[in-house]
Amino acid sequence: MDRARLWLGLLLPLVAALDFRYHHQAEMEAFLKAVARNYSSITHLHSIGKSVRGRNLWVLVVGRFPKEHRIGIPEFKYVANMHGDETVGREMLLHLIEYLVTSDGRDPEVTHLINSTRVHIMPSMNPDGFEAVRKPDCFHSNGRENSNDYDLNRNFPDAFELNNVSRQPETVAVMEWLKTETFVLSANLHGGALVASYPFDNGVPATGTLHFRSLTPDDDVFQYLAHTYASKNPDMKKGDQCKNKMNSPNGIINGYSWYPLKGGMQDYNYIWAQCFEITLELSCCKYPPEEKLPVFWNFNKASLIEYIKQVHLGVKGQVFDQNGNPLPNAIVEVQDRKHICPYRTNKFGEYYLLLLPGSYIINVTVPGHDPHLTKVVIPGKSQNFSALKKDILLPFRGQLDSIPESSPSCPVAPLYGDVPSHSAASKPSLFLFLMILFYILFK
């Protein structure tokens, strides 16, 4: 089958080569529509909403089953141009789209990726801001905010303190989008620095702020994800190439230790959407001259592809009752790695847990029953673009009552106010850092 696809790929129509320049809304739409038309078997184009000025927030899905979720196929997403004057990520995602669709059936690695993943790509979350820039500037312009003068990366609910701002149409659209898919891994692309930043962006003493950082229960995974991207980028992995005195060894940094940020999107994704997200700063200059775009593409192409592959880390599966019925909204978490909003199965009873190789105890909890513990051992290498598959059959007798929706137990409000300050997240992590670095170098 794969050999047949490789031969078929030689006969597929090609999108007109995307040139290296900045593409405004009409040009971007034309390109995305051409891709969706010419590669309809592996792409699906749709808008998740509109900006303040009525511009579509386009998302292109790339995958062998692009129009519908399939059991066991993880959902990945890239989002760029949240700040309208940070432009490199927008163009990188357009070139990534072109590379993916034209490589399907030609490049075995990309073909496997498309067969095993649904990749959602939003090239511009703030199209109004991009169109508002009249005089590009390296450091700041009037295009950073949306048309209502709101910074969209300060506009999400915050788990650490009240973020009482007016939710913008672009923000609301993304929040609703996150409810429609089981996103597992994500990145948002920015400019103005050269670093991979990982959660948390905000924090409290329980997450380590007394040590000038704010760490998640999955800090080992986040450091690994950030290293994965940075290590493939020749400039980013050197650290502090922008000469801004940032303490970012090997090109990664904890968001809070860089600077605290309230209402950021990456924290919202991780806490409320069960989606691991990092922030990628791709250029020292926010709006660099377009003749530099080929260099940015050459430096980021391998990183963009390698990062998508990480959606297949860890373990995945479905939770069933004794009668073989999939159970939605069952809590599925690793013992001693609990999230402030418990991670739950989706409507198909599926769960996805991003984990590094090792031995773990998975705790499955449903109302009215004792926790069900399952041991898993995740091997050192991913299983050919697939996480370790582990379905869980709960040994409950009789008909299991339907599990209530999870939203009442996880309100969109500050959640970390009463967490004890002796959390493991605040402990020193030198050993953890060395372990992750060893895994990256020798995997």
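To keep things clear, this report deals only with the structure shown in the data block.

Cut-offs used in this document
Residues numbered from 1 in each chain as written. Predicted model: local features only at pLDDT ≥ 70, side-chain atom pairs only at ≥ 80, totals over all residues. Heavy atoms only, no water. Pairing = 2+ DSSP bridges. Helix = DSSP H or I, 4+ residues; strand = E, 2+ residues; numbered from the N terminus. Axes fitted to C-alpha atoms, helices over the stretch in contact; angles between N-to-C directions. Contact = heavy atoms within 4.5 Å. Core = buried A, V, L, I, M, F, W, Y, C linked by side-chain atoms within 4.5 Å. Buried < 20%, exposed > 50% of the residue type's maximum accessible area, 1.4 Å probe, protein only. Salt bridge = Lys/Arg side-chain N within 4 Å of Asp/Glu carboxyl O. Polar contact = N/O pair within 3.5 Å; in protein donor to acceptor, adjacent residues only side chain to side chain. Disulfide = S-S within 2.5 Å.

With respect to the sheet that holds strand β1 (residues 43-50)
Right, so step 1: Within the open sheet, the 8 strands sit side by side as β1-β2-β4-β3-β5-β8-β6-β7. Their pairing is mixed. Of all the strands in the sheet, just β1 and β7 (252-254) have a single pairing partner and so form its edges. Adjacent strand axes in the sheet meet at a mean angle of 25° when their direction is disregarded.
Right, so step 2: Relative to strand β5 (residues 183-190), strand β3 (residues 75-80) runs parallel, the two being bridged by 6 bridges. Along β5, the bridge assignment pairs Tyr-78 with Ala-187.
Right, so step 3: In this fold helix α3 (residues 88-103) packs onto β1, β2 (56-62), β3, β4 (118-122), β5 and β8 (276-283), with an angle of close to 140° to the strand it touches most, β3.
Right, so step 4: Lying over the sheet, helix α9 (residues 265-272) contacts β3, β5, β6 (193-198) and β8, oriented at roughly 160° with respect to β8.

Quick look at the nonpolar core
Right, so step 1: Counting 118 residues, the largest nonpolar core has Tyr-78 and Leu-96 as the members making the most contacts within it.
Right, so step 2: Ranked by the residues each element gives to this core, the list is headed by α3, at 8 residues.
Right, so step 3: In this structure Leu-96 touches Tyr-78, Ile-121, Trp-297, Leu-304, Ile-305 and Ile-308, once residues within four positions along its chain are discounted.

Description of the sheet that holds strand β10 (residues 331-334)
Right, so step 1: With antiparallel pairing, the 3 strands of this open sheet are ordered in space as β10-β12-β13. Lying at the two open borders of the sheet, with one neighbouring strand each, are β10 and β13 (372-378). Strand-to-strand, the axes of this sheet are offset by a mean angle of 25°, without reference to chain direction.
Right, so step 2: Here 7 bridges tie strand β12 (residues 358-365) to β13, and the two strands are oriented antiparallel to one another. Each residue of the ladder has a partner; that of Tyr-360, found in β13, is Val-376.

A closer look at the pattern of salt bridges
Right, so step 1: If you walk through the whole model with that rule in mind, you get 19 salt bridges.
Right, so step 2: Of the charged contacts in the structure, one is a salt bridge between Asp-151 and Arg-144, with a shortest N-O distance of 3.0 Å.
Right, so step 3: Where Arg-337 meets Asp-218, a salt bridge forms, and the shortest distance between an N and an O atom there is 3.3 Å. One end of the pair, Arg-337, is in the loop between β10 and β11 (350-353); the other, Asp-218, is in the loop between β6 and α7 (219-231), and 119 residues separate them in sequence. Accessibility classification places Arg-337 together with Asp-218 in one group, the buried group.

A word on helix α4 (residues 108-116)
Right, so step 1: Every buried residue of α4 is listed here: Val-110, Thr-111, Leu-113, Ile-114, Asn-115 and Ser-116.
Right, so step 2: N-cap assignment for α4: the residue whose side-chain oxygen lies 2.8 Å from the backbone N of Glu-109 is Asp-107.

Section: the environment of Tyr-416
Right, so step 1: Within the element layout of this structure, Tyr-416 appears in the loop between β15 (392-393) and α11 (430-442).
Right, so step 2: Spatially, the C-alpha atom of Tyr-416 lies 5.4 Å from that of Phe-160, the residues being 256 residues apart in sequence.
Right, so step 3: With near-sequence residues (within four places) excluded, Tyr-416 lies in contact with Ala-159, Phe-160, Phe-200, Val-204, Thr-207, Ile-271 and Ile-340.

Here we look at the pairing of β2
Right, so step 1: Burial runs high along β2: 7 of the 7 residues are buried.
Right, so step 2: When β1 meets β2, the two strands line up antiparallel, connected through 6 bridges. When the sheet's bridge partners are listed, Leu-45 is paired in β2 with Leu-60.
Right, so step 3: Hairpin connection, β1 to β2: the antiparallel pair is bridged by 5 residues, and Gly-54 has positive phi, about 85°.
Right, so step 4: Both β2 and β4 contribute to a ladder of 3 bridges, which runs antiparallel. Directly across from Val-62, in β4, lies its bridge partner Val-119.

Regarding the state of the cysteines
Right, so step 1: Per the counting criterion, the structure on display carries 3 disulfides.
Right, so step 2: Paired by a disulfide, Cys-242 and Cys-284 hold their sulfur atoms 2.0 Å apart. When the S-S torsion is -90°, as for the bridge of Cys-242 with Cys-284, the disulfide is left-handed. Taken together, the residues span a long stretch of sequence, with Cys-242 in the loop between α7 and β7 and Cys-284 in the loop between β8 and α10 (293-309) at a distance of 42 residues.
Right, so step 3: Cys-341 shares a disulfide with Cys-410; S-S distance 1.7 Å. Its S-S torsion of approximately 45° makes the covalent link between Cys-341 and Cys-410 right-handed. Of the two residues, Cys-341 is situated in the loop between β10 and β11 and Cys-410 in the loop between β15 and α11; the sequence distance between them amounts to 69 residues.

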